[in-house]
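A structural walkthrough
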Amino acid sequence: MNDVLLKADNVHVGFAAPGGRRIRAVAGVNLELRAGEIVALVGESGCGKSTLARALLGLYRPDQGSVSFEGTTLPTGVRGLRGYRRQVQLVLQDPTGALNPRHSVYEAVAEGLRIHHIPGNEPELVAEALSRAGLRPAERFMPLLPGELSGGQRQRVVIAGALALQPRVLVADEPVASLDASVRGEILALLLRLRDDLGLASLVVTHDLGLAWNIADRIAVMYLGRIVESGPAPEVLTAPRHPYTKALLSVLPESPERIVLSGEPPDPARIPAGCRFHPRCPALASGAADAVAQRCRTVDPTPLAADATGVACHLVNAVAEVAG
Amino acid sequence: MTEDTVAPLLEFRDTTITYRGAHGAVPAVRGVNLSIGVGETLGLAGESGSGKSTLAMSVLRLLPSETEIGGQILLDGEDVTAMKWGRLRAVRWADAAVVFQGAMHGLNPVRRISDQIAEPIVLHGIATGTGVDKRVRELLDQVGLPTRRANAYPHELSGGQRQRVMIAMALACDPRLVIADEPTTALDVMIQAQVLDLLSALVAERGVGLLMISHDLSVLADTCERLAVMYAGRIVEHGPSAEVVRGGRHPYTRALSGAFPTIGDPASRLAPSGLPGDPPDPSRLPAGCPFHPRCADAVDECSTVDIGLRAVSPDHDAACVHVPVAEEVHS
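Since this is a predicted model, take the numbers as computed values, not measurements.

Let us look at helix H4 (residues 105-115) of chain A. Every α-helix carries 3.6 residues per turn, so stepping three or four residues along brings you back to the same face. Every buried residue of H4(A) is accounted for by A:Val105, A:Tyr106, A:Ala108, A:Val109, A:Ala110 and A:Gly112. Note on H4(A): the residue one or two positions beyond its end, A:His117, has a positive phi of about 50°.

Written out as structure tokens, the structure reads:
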């Protein structure tokens, strides 16, 4: 497929931890983002979703595997990465931390233009980016300092800073988690509108499944460094197949039947043998997976392909084989 | 302890709370009437600046000393605002306890969690000597923390475990009222479900009253029987949870319930719903209904007349011009 913009191919990212242990935050992930597509990468804290996002931005170099943009492996040098980051921009959770409190809105947006030596009329480019991000009239916002803006407006400034560079991809890490409930919808609507108007693709990293329902075309569910289920968002969210995805959806308010997993997400420094989810798997615990239990405990399911609609689960795949 | 069957555990009567700052007076709470009885659960929803946390903190007078409180805040029929310092200390933890938001900041980072849970037990003379240890272990057990973690420091625990410690502390002196301020905000969905289940179980088993605060209407509706929605320092809607969430009569309530979509609902698929504008600055509220600048259903009257609560049904009120005036609810 040639409209693939961003692709992770068997990406592993690890960190050294005290005691000579290795934290395997991302442990073999395939993922792709196509032009004009919004993909939600969902999972709990510590599942590796933010690490994966940073690897896609070239902020971490994979220990193994590769990240490519339009078919070319990411450059490693400072200059090459600078060019790449013009194409793929990052929007963080906390806009207050992302903005310099003493820089005006104008400066915040113009900074990227200067770093990347973007030709053209700077005030015009800044004004255009601000109004695209919904800060209109742009002139009124330009002289303001972040302290004079609301949380939603600050996040719009961060998004405007990214848009000024005319990127192809936004990587947004929990873009609305720190915003008020009533403002959240407006920021999500902005991401949708940017996709529709500019064809801007977004990878949205979030723990919020409602957000995925609101805006994502595809969804990838991550657990302990691996993608365990992926596919079109409506399908995965309304008919989840992996026991983990099922549990995640079941604990949302208004869900009829709750499957509350006990305990905390396990430690990425000690990934269980076999299927990484097996110690917490409700299907295994209830006996529903007895036929494949031995494999669950000993065989690591094959990682999903980048464009897959599928599930990395022995039980689901065994049932599918029998049926198919 | 007054075992009065008439007085609710907690009652706000025309409560107003005004902060005095360098930039003048900021009215954070502008006339609230609410009550919680024994074993009742009330959810208080609203956004930053709506006054919901201010209202909650006022119950134990945890606000800056220069804050002005008007009206009454009755705890078991006794006005908190008139309590002497010593009485207030006796009431804190023992009659009413708070589970603060952001468990990392609510705990002392350099003290073991067992010592922190023990503190209110010792201060209030609930137990002495080895009895304290026993009580601490009992509490840890109740909130689902392994007792071997008793000597851990807060940083050695996960966010969900820290929140459990906060709940254990709140339960230490067997309070009859628990105030939980955004108890699950920073937590993952699975841990959130565990904490909410725990709170619900405690309410059911011990018959404590629960005032729970959140910006997430659906979380509140899952845990609480009744919901009150706050905007710009006032209650704008109040009623049974299911009715408020599914049949909200105030446009702001509807916006809040739409903000967290129901997965599977075609209306919200690829259509996030939000409100234009931002929550108002409490020191510069718009004239008329404070919500009117953001309201899609506003009519001319809304910019001049501040509508009080109107009865939707006997136990459901909303402060909106579109609710037909049967009778203005006595506020």
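From this point on, the discussion continues.
With that settled, consider the pairing of strand E7 (residues 177-181) of chain B. All names here are of chain B. In terms of burial, E7 is a largely internal element, 5 of the 5 residues being buried. The two faces of E7 match: Leu 177, Ile 179 and Asp 181 on one face and Val 178 and Ala 180 on the other face are all buried. Taken together, the 4 bridges between strand E6 (residues 96-99) and E7 define a ladder with parallel strand orientation. Bridge pairing in E7 places Ala 97 opposite Val 178. As paired elements, E7 and strand E8 (residues 209-214) share 5 bridges and run parallel to each other. Across the sheet, Ala 180 pairs through a bridge with Met 212, a residue of E8.

Attention now moves to the environment of B:Ile69. Residues and elements named next belong to chain B. Mapped onto the elements, Ile 69 comes out in strand E4 (residues 68-75). Owing to 18 C-beta atoms within 10 Å, Ile 69 belongs among the partly exposed residues under this scheme. On a C-alpha basis, the gap between Ile 69 and Val 323 in space is 30 Å, while along the polypeptide they are 254 residues apart. Aside from chain neighbours lying at most four places away, what touches Ile 69 is Ile 17, Ser 58 and Thr 81.

Within a sheet, each strand pairs with its neighbour through backbone hydrogen bonds, oriented either parallel or antiparallel. Residue and element names in this part refer to chain A. Taken together, the 4 strands give an open sheet; going across it, the order is E2-E1-E4-E5, and neighbouring strands pair in antiparallel fashion. Edge strands, defined here as strands with exactly one partner in the open sheet, are strand E2 (21-34) and strand E5 (72-73). Two elements, strand E1 (residues 4-17) and E2, share 11 bridges in a ladder whose sense is antiparallel. Residue pairing across strands places Ala 17 opposite Arg 21, the latter belonging to E2. Strand contacts of helix H1 (residues 49-56): E1, E2 and strand E4 (64-69), with the helix running at about 120° to E1, the strand carrying the most contacts.

Calculation criteria
Residues numbered from 1 in each chain as written. Chains lettered and ligands numbered in written order. Predicted model: local features only at pLDDT ≥ 70, side-chain atom pairs only at ≥ 80, totals over all residues. Buried ≥ 20, exposed ≤ 12 C-beta atoms within 10 Å, placed from the backbone. Helix = DSSP H or I, 4+ residues; strand = E, 2+ residues; numbered from the N terminus. Pairing = 2+ DSSP bridges. Contact = placed C-beta atoms within 7 Å. Axes fitted to C-alpha atoms, helices over the stretch in contact; angles between N-to-C directions.

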